[in-house]
Amino acid sequence: MKRTYQPKKRQAQKEHGFRKRMSTRSGQNVIKARRAKGRKKLSA
């Protein structure tokens, strides 16, 4: 049986990447919140 998670790097970046996050107001808030929390990785 095929597993449910078949990772695709390009697709992940398109959907959850930094540029996608920064393109919307709410996405920018996500990055801001993660910076405030001191995250090492901000996005995918």
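Please read these numbers as outputs of a predicted model, since none were measured by experiment.

The subject of this paragraph is the side chain of Ser-43. Position of Ser-43 among the secondary structure elements: in the segment after helix 3 (25-37). By relative accessible area, which is 15% here, Ser-43 ends up buried. Here Phe-18 takes part through its backbone nitrogen, which lies 3.3 Å from a polar atom of the side chain of Ser-43. If we ignore the near neighbours within four places in the chain, the residues touching Ser-43 are His-16, Gly-17, Phe-18, Ile-31 and Arg-34.

Take the environment of His-16 next. Position of His-16 relative to the elements: it lies in helix 1 (residues 9-16). Since its relative accessible area comes to 40%, His-16 is described here as partly exposed. Spatially, the C-alpha atoms of His-16 and Ser-43 are 6.6 Å apart, while their sequence positions differ by 27 residues. Those residues in contact with His-16 that lie beyond four places of it in its chain are Arg-21, Ser-43 and Ala-44.

Quick notes on the rules
Residues numbered from 1 in each chain as written. Predicted model: local features only at pLDDT ≥ 70, side-chain atom pairs only at ≥ 80, totals over all residues. Heavy atoms only, no water. Helix = DSSP H or I, 4+ residues; strand = E, 2+ residues; numbered from the N terminus. Buried < 20%, exposed > 50% of the residue type's maximum accessible area, 1.4 Å probe, protein only. Polar contact = N/O pair within 3.5 Å; in protein donor to acceptor, adjacent residues only side chain to side chain. Contact = heavy atoms within 4.5 Å.

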